[in-house]
Amino acid sequence: MIRRPPRSTQSRSSAASDVYKRQDMVVLVDAGGDPDKDSINNTDSDDDSTSDEDIVGNCDIYFQGTLLPSSPPENEFQTIVPISFSAFPRDPCISPSTGRIIWVTKEGIPTGKGTQDDPVNTINRALDLASNGDAIVIRKGTYYEGKEEEYRSLLIAKPDLILSGYPGEEVVVEPSREGITYGVAISANNIAIRNLTLRNFLYSISIEEPRLQNIVLAGVKINPPHAEWSEGVVVYPEGGENGMLLRGVEISGVGLGVSCNVGPCTNWRLEWVTIRGIPGMGESGADAFAIESGDNILLYKVEASFASGDGIDCKGTNIAIFDSYVHEVDRNAIKLWHNGDIVNCLTWGSGADAAIVFDGGGNYRILNSVVSFHNYENDLPGYTMTVAYDTQEGGNITVDNSLFVYNNGGIYICENFTVQMHNNLFYAIKDGLVLEFGQNRYYLDDGASPLLGTGNMVNVDPLLTDPHNGDMSFSQGPACNGGYNSHPMPPHDMHGNQRIQGNAVDLGPVEYCD
């Protein structure tokens, strides 16, 4: 894990994100909504007339230009690990507890009172005027923020504040001068940052004090400069943070995406989040999403790509990952350490020792997922998935309705685990190994009968549409209605379709067949 970097400005390099160009994958993280109706571009106008009453209670969040739907209900997450949904923070929307809104516009003045009729012209001035429980609403435009002798553009040190761009308008914050390398630094509880773009900061959002509570980032975009190293959202102090919600967050071109560096970090929920790293850096700690220690973590519709380290690396306990997509990362796609659930997920293109790593003892499951193209093109040795390879601890592992295809190796499971495997498909494994369990090794030529479960298909072509270019869909073949009606099972697939469509569940994250 990467510790806090020096505050001095780092030298810039060429566009590192362009080093590793490949054809774009079929993005399976769908924000929903009607783009013709709900596009952010259609809501932006030259009419700035509004009032406090008009904006209070507004919860609109835009993600990839589209209005996000509401968060799914708890019953959408049928998980085997104990997730406490009531412990996650909620988006306060634009609902200041004091009822007071401070307005910021490009046409405001430094001496303004912050009212709608007399706005201020900088976010820093609004933060100076704000009291605990207020909301700051910023109208469209680019704001160059920073104070003298300060390396942080914005410091939020008062609790219970809401900092929000006006819904549907593009609000951008950039450093006002050289030497400002940090974007938003948070050192107070109950902070919400909404509908804001942070541009050209090496360290965009930092949690500065230990054991802060209830931080919400919603509709936030992070676009750092082209640099040797940059970070998206990081909790730095030992002692961690309790309660983090990332909703509709887009992070691109960073060395480290979202990280709890020391921890413990507890009660984190990420939904509709994309993190695009910088490949080829040779830095194993350059993960897209990482937690050094923590508990009660939920990831829903998260896309992690092009990281030099791991896609998702959670050293905590009780972690559930739903409807997520990890592709083209240099090391592990998903690495969980104690009690983890992977449901309706897809990995495509990963490196290092395995695509999926369940490191310690505990209760694990991988359900209706695809694990593909792990070390397939570079012919490096290794497994596709490992369970307690290093620790040799005991536990339970369930593998149901998943496709392990176009990989360089098979699955390793520690013999101290109890194993259930139902209706999985194994195909195009270069070294021929399907499963290693204790002293037993099963190969493609052995067929499905030795595997530890029923209904598994070995060396059977799933008839995928265009797997080498990332399209893992199908319209016929053994994956159609080929699954095991495992329980607990979510009521919908990765795309929100009703699950089940036919007489049995399809293999993989999406229901393609009636």
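Residues numbered from 1 in each chain as written. Predicted model: local features only at pLDDT ≥ 70, side-chain atom pairs only at ≥ 80, totals over all residues. Heavy atoms only, no water.

Q: Which residues make up the packing of aromatic side chains, and what values do they have?
A: Within the structure shown, the criterion is met by 20 aromatic pairs. Judged by centre distance (5.3 Å) and plane angle (10°), the rings of Phe 404 and Phe 426 are stacked. Placement of Phe 404 in strand S28 (residues 403–407) and of Phe 426 in strand S31 (residues 425–429) is noted, with a sequence separation of 22 residues between them. Judged by its relative accessible area of 2%, Phe 404 is buried. Members of the aromatic cluster, connected to one another through ring pairs, are Phe 77, Phe 85, Phe 88, Trp 272, Tyr 300 and Phe 322. Stacked on the ring of Tyr 143, the Lys or Arg Lys 106 has its end atom at 4.8 Å from the ring centre. Note that Arg 139 overlies the ring of Tyr 166, its terminal NZ or CZ placed 3.9 Å from the centroid. (Phe/Tyr/Trp six-rings, centres within 6.5 Å; stacked < 30°, edge-to-face > 60°. Helix = DSSP H or I, 4+ residues; strand = E, 2+ residues; numbered from the N terminus. Buried < 20%, exposed > 50% of the residue type's maximum accessible area, 1.4 Å probe, protein only. Lys NZ or Arg CZ within 6 Å of the ring centre and 35° of its normal.)

Q: Tell me about the side chain of Asn 456, and please be specific about residues and values.
A: Position of Asn 456 among the secondary structure elements: in the loop between strand S34 (453–454) and strand S35 (457–458). Among the polar contacts made by the side chain of Asn 456, one reaches the main-chain amide nitrogen of Asn 423 at a distance of 3.4 Å. At 3.0 Å, the side chain of Asn 456 and the backbone nitrogen of Asn 424 are in polar contact. Apart from the residues within four sequence positions on either side, Asn 456 is in contact with Met 421, His 422, Asn 423, Asn 424, Ala 448 and Leu 451. (Polar contact = N/O pair within 3.5 Å; in protein donor to acceptor, adjacent residues only side chain to side chain. Contact = heavy atoms within 4.5 Å.)

Q: Could you give an account of the pattern of salt bridges, naming the residues involved and the relevant values?
A: Side-chain pairing between opposite charges can occur once the charged atoms of the two side chains come close. Scanning all chains against the criterion turns up 16 salt bridges. In this structure, the salt-bridge partner of Arg 152 is Glu 208, at a minimum N-O distance of 3.3 Å. Of this pair, Arg 152 sits in strand S6 (residues 152–156) while Glu 208 sits in the loop between strand S11 (203–207) and strand S12 (212–223), and the two are 56 residues apart along the sequence. Given the relative accessible area of 15%, Arg 152 is considered buried. Classification of Glu 208 as buried rests on a relative accessible area of 13%. Counted as one network, the salt bridges with shared partners bring together Glu 150, Arg 152 and Glu 208. (Salt bridge = Lys/Arg side-chain N within 4 Å of Asp/Glu carboxyl O.)

Q: Break down the pairing of S28 for me, citing the residues and quoting the values.
A: In terms of burial, S28 is largely enclosed, as 5 of its 5 residues are buried. Of the strand pairs in this sheet, strand S25 (residues 370–374) and S28 are connected by 3 bridges, and their pairing is parallel. Across the sheet, residue Ser 372 finds its bridge partner in S28, namely Val 405. Where S28 and S31 come together, 4 bridges link them in parallel fashion. Residue pairing for S31: Leu 403 is matched across the bridge by Leu 425. (Pairing = 2+ DSSP bridges.)

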